[in-house]
Amino acid sequence: MPATPYPTFYLAGAPKCGTTSLAAYLATHPKVCLPAPKEPFFWCDDLPWMREFLLGARYEESYLRLYANKSPGQLACDATTMYLYSDCALRNLAAAVPQAKLVLMFRNPVDVAYAYHMQMLNAFQESEPDFESAWDLQTERAKGRGL
């Protein structure tokens, strides 16, 4: 089987489950090439605004250029968490890189909810500091009240 120009190692995961930390750890390993940006969204045809924002109009050329500094023997890693949420990314990836290896990360949904609430508080996108009270505000906020 001929070598693919694409990475053969992918990292994806649920929000707040440690994908950014794992990518940072992997980036320190001499046998791993992890580009910047960490999440190029290349295989997400259904998220073109993200892909174009990060890669420009020449998606493939720009994507492959992210790995231009890869040394012989290094594994190229694409760490786009949204590949789990895209309707087509994993199908596109499997068609183009059938030998791809994936690391998928998950987390208990209750723990994610608490972590996400804390992130929104820290980003000033949540005004209710108590998690349970914020959770109870969902119905009112969906109606446009208490925002």
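Everything below is about the structure printed above this text.
We now turn to the structure provided with this report.

Reading the values: the criteria
Counting of residues starts from 1 at the beginning of each chain's written sequence and follows it residue by residue. The predicted origin of the model limits local features to residues at a pLDDT of at least 70 and limits the giving and counting of side-chain atom pairs to 80 or more, whereas totals for whole chains, interfaces and linings rest on all residues. As a convention, hydrogens and water are excluded, and side-chain values are obtained from all of the structure's heavy atoms. Salt bridges are identified by distance alone: a Lys or Arg side-chain nitrogen within 4 Å of an Asp or Glu carboxyl oxygen. Three labels apply to residues, based on accessible area from a 1.4 Å probe with only protein chains included: buried if under 20% of the type maximum, exposed if over 50%, partly exposed otherwise in between. Runs of E in the DSSP output that reach at least two residues are strands. Runs of H or I that reach at least four are helices, and both are numbered from the N terminus. One less than the number of residues in a helix, times 1.5 Å, gives the span that helix is expected to have. By definition in these notes, contact holds between two residues if any of their heavy atoms fall within 4.5 Å. In protein, a polar contact requires one atom able to donate a hydrogen and another able to accept it; more generally it is a pair of N or O atoms within 3.5 Å, and residues adjacent in sequence count only if both atoms are side-chain atoms.

Description of the pattern of salt bridges
Working step 1: Overall, the coordinates contain 6 salt bridges when judged by the stated rule.
Working step 2: Note that Arg58 and Glu61 form a salt bridge whose closest N and O atoms lie 3.3 Å from each other.
Working step 3: Residue classification places Arg58 among the exposed positions, given a relative accessible area of 56%.
Working step 4: We note a salt bridge from Glu61 to Arg65, for which the minimum N-O separation is 3.4 Å. Of the two residues, Glu61 and Arg65 are both situated in helix 3 (residues 59-65); the distance of 4 residues between them amounts to about one turn of the helix.
Working step 5: For Glu61, a relative accessible area of 38% corresponds to the partly exposed category.
Working step 6: Here the residues in one salt-bridge network are Arg58, Glu61 and Arg65, joined through shared partners.

Regarding helix 5 (residues 109-122)
Working step 1: For helix 5, which comprises 14 residues, the first-to-last C-alpha distance of 20 Å matches the rise-based estimate of 20 Å (1.5 Å per residue) to within 8%.
Working step 2: Looking only at helix 5, the buried set comprises Val112, Ala115, His117, Met120 and Leu121.
Working step 3: Where helix 5 is buried, its residues meet helix 6 (131-136).
Working step 4: Immediately downstream of helix 5, the backbone of Phe124 shows phi near 60 degrees, a positive value.

Looking at the side chain of Glu39
Working step 1: Its location among the elements puts Glu39 in the loop between strand 2 (32-33) and helix 2 (48-55).
Working step 2: The exposure class assigned to Glu39 is buried, which follows from its relative accessible area of 19%.
Working step 3: Here Lys38 takes part through its side chain, which lies 3.0 Å from a polar atom of the side chain of Glu39.
Working step 4: Each residue touching Glu39, except ones within four places of it in the same chain, is listed here: Leu54, Ala79, Thr80, Thr81 and Met82.

A closer look at the side chain of Thr80
Working step 1: For Thr80, the location among the structural elements is in the loop between strand 3 (75-78) and helix 4 (89-96).
Working step 2: Here Thr80 is in contact with Leu11, Ala12, Lys38, Glu39, Pro40 and Phe41, once residues within four sequence places are set aside.

On their own, these measurements won't tell you what the molecule is for.
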